[in-house]
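This is what each chain is made of:
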Amino acid sequence: MLDSTKASHLQEQEMSEVREFFTTIQTGRKYVVELGKGIGHFTGELAKQAAQVQSIDFTDNKTPKGLGISQIKRVENLAERMVKWLTVGGFLFLRESSSHKPGDSQGKNNPTHPREPRFYTRVFKECTAYDGLGNSFELSLMNFKCVGPHIYWLWKNVNSQYDKGFQWLLDNVQNKCQDILRYERVFGEGFVSPGGLETTKEFVSKLELKPGQKVLDVGCGIGGTEFYMAEHFEVEVVGFGLSINMISIALDRAIGHNCLVEFEVAECTKKTYPDSIYL
């Protein structure tokens, strides 16, 4: 649900982003189950591309009041079931509102009660399923980003023995969440590298930023630089990095910041953008 005076623009922007996800997973060869279809924003788009779509929604008397206010165990059980539903190589696309009231309208009631991004990332990342032969399977995060008031995760079901690569090393050895927060205590709120806010101010002052410009930050950490540029210069900022843990913290920190900042998990050697759109 989106209660916003800019709803039309945000929905158009979101549909563009969702189409990019659909392209990534090549839905044309897939059988798709859409859970919580709502009013069917994406059902038609899926039907154009997928081999078959089954859309399911909760009835009023069975609604679990949204994942955000469910008991933690209920969310964990749902994640485990989803892993079992997927074939090896199958994809799970999860869309959730950010953990503040979506939109900018002043309503008395907020029917959505989402949890923080780190909660969902942790629950799905820790899921493991087994087959009858004792083989284990888990979800590998392929993409993770926020667009406006919504956050997206794209997971792929893989054999647990696959080569996890450098991203796994970052998040499980070098950039554990507790270590990231320890760095932040040393370098200042929003920063995990020497210099912190003072170095950011000095560097950004040389960019001569103007309102409305778009800035791309590769290796954004936990978002301190992004928030500073967006809030002080009214620019739109996209930050991405390879560490799931860092981007999760950045998304959590975005709560309460009234600025145009997006974060995404991506590998810089593979990520592509249109020409000449960023400063």
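Report on the accompanying structure.

What counts and how
Residues numbered from 1 in each chain as written. Predicted model: local features only at pLDDT ≥ 70, side-chain atom pairs only at ≥ 80, totals over all residues. Heavy atoms only, no water. Core = buried A, V, L, I, M, F, W, Y, C linked by side-chain atoms within 4.5 Å. Buried < 20%, exposed > 50% of the residue type's maximum accessible area, 1.4 Å probe, protein only. Helix = DSSP H or I, 4+ residues; strand = E, 2+ residues; numbered from the N terminus. Contact = heavy atoms within 4.5 Å. Expected span 1.5 Å × (residues − 1). Arc of directions from axis to C-beta. Patch = residues over 30% accessible without salt bridge, like charges linked within 9 Å, V, L, I, M, F, W, Y side chains within 5 Å. Areas by Shrake-Rupley, 256 points an atom, 1.4 Å probe, with all protein chains shown as cover. Salt bridge = Lys/Arg side-chain N within 4 Å of Asp/Glu carboxyl O. Phe/Tyr/Trp six-rings, centres within 6.5 Å; stacked < 30°, edge-to-face > 60°.

### Considering the nonpolar core
Formed by 38 residues in total, the largest nonpolar core has its most connected members in F124, F144, W153 and F263. Breaking this core down by element, the ones donating at least two residues are α3 (72–85), β3 (91–97), α4 (117–125), β5 (136–147), β6 (150–159), α8 (224–233), α9 (244–253) and β9 (261–265). Ranked by residues supplied to this core, first place goes to α3 with five residues. Counting residues in each nonpolar core, the second largest holds five residues, with I180, I222, M246 and I249 among its members.

### Quick look at the environment of Q52
For Q52, the position within the fold is in strand β2 (residues 52–56). Accessibility expressed as a relative area gives 46% for Q52, which makes it partly exposed. Distance from Q52 to Y31, taken between C-alpha atoms, is 4.9 Å for residues 21 residues apart in sequence. For Q52, the contacting residues outside a window of four places in its chain are K30, Y31 and V32.

### Considering α3
In this model α3 runs 20 Å from its N-terminal to its C-terminal C-alpha over 14 residues, within 8% of the 20 Å that 1.5 Å per residue would give. For α3, the set of buried residues is V75, L78, A79, M82 and V83. Around the axis of α3, the buried residues are gathered within 140 degrees of arc, so they sit on the same side.

### A word on a nonpolar patch on the surface
A grouping of V33, L35, I56 and W85 is seen on the molecular surface, where their side chains present a nonpolar patch of about 360 Å² in accessible area. With respect to the helices, strands and loops of the structure, V33 is situated in strand β1 (residues 31–35).

### A closer look at the packing of aromatic side chains
In total, this model carries six aromatic pairs according to the counting rule given. Aromatic pair F124 and W155: ring centres 6.2 Å apart, planes at 25 degrees, arrangement stacked. Residue F124 is located in helix α4, and its partner W155 is located in strand β6; the two are separated by 31 residues in the primary sequence. A residue is classified by how much of its surface remains accessible, and F124, at 2% relative accessible area, is buried. Accessibility expressed as a relative area gives 0% for W155, which makes it buried. When the centroid spacing of 6.0 Å and the interplanar angle of 75 degrees are considered together, the rings of Y228 and F233 count as edge-to-face. For Y228, a relative accessible area of 12% corresponds to the buried category. Look at F233 and you get partly exposed, because its relative accessible area is 24%.

### As for unusual backbone geometry
Although it is not a glycine, E208 sits at a positive phi angle of roughly 55 degrees. Checked against the element boundaries, E208 lands in the loop between α7 (196–205) and β7 (214–218). Judged by its relative accessible area of 59%, E208 is exposed.

### Concerning the side chain of D252
Looking at the element boundaries, D252 is found in helix α9. Owing to a relative accessible area of 8%, D252 belongs among the buried residues under this scheme. Beyond its immediate stretch of four places on either side in the chain, D252 contacts E116, P117 and R118.

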